[in-house]
Amino acid sequence: MDTVIVTGGASGIGAAIVRLAAAQGLRPVVWDLSPTDGGLVVDVRDPLQIEAALEATGPARYLVNNAGPASGGAPLGFGDGLVATAGSVEAVTAAWLRTGPPADAAVVNVASVAGNLVGTDSAWYSAGKAAIAGYTRHLATRLAPAVRANAVAPGFIDTPRMAGFGETPLGRDLIARNPMRRAGRPEDVAAAVLFLLSPSAAYINGVLLPVDGGWTVSQ
Ligand SMILES: NC(=O)c1ccc[n+]([C@@H]2O[C@H](COP(=O)([O-])OP(=O)(O)OC[C@H]3O[C@@H](n4cnc5c(N)ncnc54)[C@H](O)[C@@H]3O)[C@@H](O)[C@H]2O)c1
C-alpha cells in the first residue's frame, strides 16, 4: 500500500485529500499542527519536526504539501509569511527527497489563484503562493523522471478558514461572477490532487492546475 503524506490534513482541503486517498487504497498520513486519529503532530516550518515525522511515517511514494497559513489569519511579517507558505514546502520536499522515495514518486503542492493572478491584502500570501508555483517548476525540471511535481491553484473553496465568507458582499460577488455559480468544495480540489499523483497523470509534470470553476478565465 503506497503512503501519501498530507500536510495540513486535519482540516478543509487536506482532510478531503486524506478521505479520497484512503478511498482509493492509499495510506494517508496526516502531518498537522492539530492532532488527528493516527496522524502526526508536525509544524512544517520546523526542520527537526519534519525529520522526526519522516522517520515515523516510513517510506512515502507521494507527498502533498497543503499546509499553510491563512491570508487573513494572524498577522505575519513578509519573511515569516514566505517561510510559512513556501519555505515550509521546500523544507518538507527536500527532506522527503533525501529519504529516497520509491520509483514513480510524485508531489503535488497546493498554491492558489492568489499566486498567479490575484493580489491579496497580506503582503506575503500572493508572493508565497507564487513562490510555490515557481518551486514546483524547479522540481519538475530537475527531478523527473524519478519524481513528477505539479501544483494546484484553488479559487475560493468553502473550508473552515473561509467560514462565513460566502455570505459577505465580497464572497457573494465572487460566487456571482464564477461561471459555476458556487464556491469550490474541498472534494473538488482533492480530486485534482489525487489525479495528479496517480499513474493516470504519468506524463503531466510541472503544471499549475487551477481548480476554480473557471473564475480566473472569466474575469
Ligand atoms: N480555502 C480556500 O479558499 C483556499 C484557496 C486557495 C488556496 N488554499 C490553500 O489550501 C491549503 C489548505 O487550506 P484550507 O482552506 O483547507 O485551510 P484550513 O485552515 O481548513 O486547513 C489548513 C490546515 O493546515 C494546518 N497547518 C497550518 N499551518 C501548519 C503548519 N505550519 N504545520 C502543519 N500544519 C499546518 C492547519 O492546522 C489546518 O489543519 C492552504 O495552503 C491554503 O492556502 C485555500
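About the criteria used
- Residues numbered from 1 in each chain as written.
- Predicted model: local features only at pLDDT ≥ 70, side-chain atom pairs only at ≥ 80, totals over all residues.
- Heavy atoms only, no water.
- Near = heavy atom within 4 Å.
- Polar contact = N/O pair within 3.5 Å; in protein donor to acceptor, adjacent residues only side chain to side chain.
- Areas by Shrake-Rupley, 256 points an atom, 1.4 Å probe, with all protein chains shown as cover.
- Helix = DSSP H or I, 4+ residues; strand = E, 2+ residues; numbered from the N terminus.
- Axes fitted to C-alpha atoms, helices over the stretch in contact; angles between N-to-C directions.
- Parallel < 35°, antiparallel > 145°, perpendicular 65-115°, else oblique.
- Left-handed = near helix turned anticlockwise from the far one by under 90°.
- Contact = heavy atoms within 4.5 Å.
- Pairing = 2+ DSSP bridges.
- Salt bridge = Lys/Arg side-chain N within 4 Å of Asp/Glu carboxyl O.
- Buried < 20%, exposed > 50% of the residue type's maximum accessible area, 1.4 Å probe, protein only.

Draft legend 1. View of the site of the ligand. Not every one of the 28 residues close to the ligand is listed here, only the nearest: Ser 11, Asp 32, Asn 66, Tyr 125 and Thr 159. Between the ligand and Gly 155 there is a distance of 3.4 Å, counted from an oxygen atom to a backbone nitrogen or oxygen. When the ligand is considered free in solution it has 830 Å² of accessible area, and contact with the protein chains removes 90% of it. The set of elements that each furnish at least two residues to the shell around the ligand consists of helix 1 (12-23) and helix 5 (123-143).

Draft legend 2. Highlighting the packing of helix 2 (residues 47-57) against helix 3 (residues 78-98). Taken N-terminus to C-terminus, the directions of helix 2 and helix 3 make an angle of 40 degrees; their axes are 10 Å apart at the nearest point. As summarised for this structure, helix 2 and helix 3 are arranged oblique, according to the angle between their axes. Helix 2 and helix 3 meet at a crossing whose hand is right-handed. Touching Ile 50, Glu 51 and Leu 54 of helix 2 are Ala 91, Val 92, Ala 95, Trp 96 and Arg 98, all from helix 3.

Draft legend 3. Representation of the sheet that holds strand 3 (residues 40-41). Pairing is parallel across the open sheet formed by seven strands, whose spatial order is 3-2-1-4-5-6-7. Two strands lie at the open edges of the sheet, namely strand 3 and strand 7 (208-211), each paired on one side alone.

Draft legend 4. Representation of the pattern of salt bridges. Under the counting rule described, the total for this entry stands at six salt bridges. For Asp 2, the salt bridge goes to Arg 61, with nearest N and O atoms at 2.9 Å. Taken as a pair, Asp 2 in the segment before strand 1 (3-7) and Arg 61 in the loop between helix 2 and strand 4 (62-65) lie far apart in primary sequence, 59 residues in all. On the basis of relative accessible area, Asp 2 is assigned to the partly exposed category, the value being 28%. Between Asp 173 and Arg 177 there is a salt bridge, and its shortest N-O distance comes to 3.0 Å. Since its relative accessible area comes to 36%, Arg 177 is described here as partly exposed.

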